[in-house]
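Listed below, chain by chain, are the residues.
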Amino acid sequence: MQLAARAEKTSPPAHHAVCEAAAMAVVRLLTDPRATEGEWYDRVHRWETARIRKVTRRARGVRWQAVQELPGVTVEHDGAQVRAFVPGPMAEVPPELARLQVAGLDLTDDGPAAPAPDRPYAVLALNPHVTMTTGKAAAQSAHAAHLLLRRISRAEREAWISAGLEVRLAGDVPWGDCVEQAAVAVRDAGFTEVPPGTMTAISWLLRP
């Protein structure tokens, strides 16, 4: 699955916002009627029964506008915009996406995160002992939310969907405490940035 994060030179989004938006874009695509029973179903099913690799690319200007025409879901969240695209073979990436750079998306947090919602939402935690660019962290965040969607019960999933599929990064909670309460953990395949088997992200559903 390809992801595109909008990163304009004059007003780049914050790191945390891109990670959260990437996670939300993926779960919203996976729960979209077009993916569950419509025209995207076959492509999503083939991808989920194989390797659920995700790649984050950066886009700006006319190139960001161009990829909006490709099948997918865009999420705007806390100053960030991320689009998740219907998955397909790496050898068949559309030219509009292939033009977008994979490396180099590394942003800072220049403001406070959005407050946690007062309804069910997914909590993400990124391993603080692992160095990742924003592009890598966004993909790992999306993995964690994806795995959580498939792990939780039907009732929990329906509550999360009806609440808007919100996702938030954990605050200043110690990593060990996060691991103890996590429902899912992402262990990276090691294609980029980290060694194979590295635990990069975890997630759990919180019902205030």
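Structure's up top.
The structure reproduced in this document is the subject of the present report. (Residues numbered from 1 in each chain as written. Predicted model: local features only at pLDDT ≥ 70, side-chain atom pairs only at ≥ 80, totals over all residues. Heavy atoms only, no water.)

Here we come to the packing of aromatic side chains. If you walk through the whole model with that rule in mind, you get zero aromatic pairs. Across from the ring centre of Phe191, 4.5 Å away, lies the NZ or CZ of Arg53, which sits over that ring. (Phe/Tyr/Trp six-rings, centres within 6.5 Å; stacked < 30°, edge-to-face > 60°. Lys NZ or Arg CZ within 6 Å of the ring centre and 35° of its normal.)

What the four strands build is an open sheet, ordered S6-S5-S8-S7; its pairing is mixed. Every other strand in the sheet has two partners, leaving strand S6 (167-169) and strand S7 (184-187) as the edge strands with one partner each. Adjacent strand axes in the sheet meet at a mean angle of 25 degrees when their direction is disregarded. Pairing of strand S5 (residues 121-126) with S6, which is carried by three bridges, proceeds in the parallel orientation. Residue Ala122 lies in a different strand from S6, and its bridge partner there is Val167. On the sheet, helix H6 (residues 134-151) packs against S5, S7 and strand S8 (199-206) and is oriented at approximately 140 degrees with respect to S7. (Pairing = 2+ DSSP bridges. Helix = DSSP H or I, 4+ residues; strand = E, 2+ residues; numbered from the N terminus. Axes fitted to C-alpha atoms, helices over the stretch in contact; angles between N-to-C directions. Contact = heavy atoms within 4.5 Å.)

Across the two faces of S7 the burial differs, with Val184 and Val186 buried and Ala185 and Arg187 not buried at all. Two strands pair when backbone bridges link them, and S7 and S8 are joined in this way by four bridges, in the antiparallel orientation. Looking at the pairing, Ala185 lines up with Ile202 of S8. (Buried < 20%, exposed > 50% of the residue type's maximum accessible area, 1.4 Å probe, protein only.)

With 16 residues, helix H1 (residues 15-30) should reach 22 Å at 1.5 Å per residue; the first-to-last C-alpha distance of 23 Å fits that figure. Among the 16 residues of H1, 15 are classified as buried, and the element is accordingly described as predominantly covered. (Expected span 1.5 Å × (residues − 1).)

Bringing the side chain of Thr56 into the picture now. Of note, Thr56 is situated in strand S2 (residues 55-59). Judged by its relative accessible area of 6%, Thr56 is buried. Polar contacts involving the side chain of Thr56 include one to the main-chain carbonyl oxygen of Gly135, which spans 3.1 Å. If near-sequence neighbours (up to four positions away) are discounted, Thr56 is found in contact with Leu3, Ala5, Val102, Leu105, Gly135, Ala138 and Ala139. (Polar contact = N/O pair within 3.5 Å; in protein donor to acceptor, adjacent residues only side chain to side chain.)

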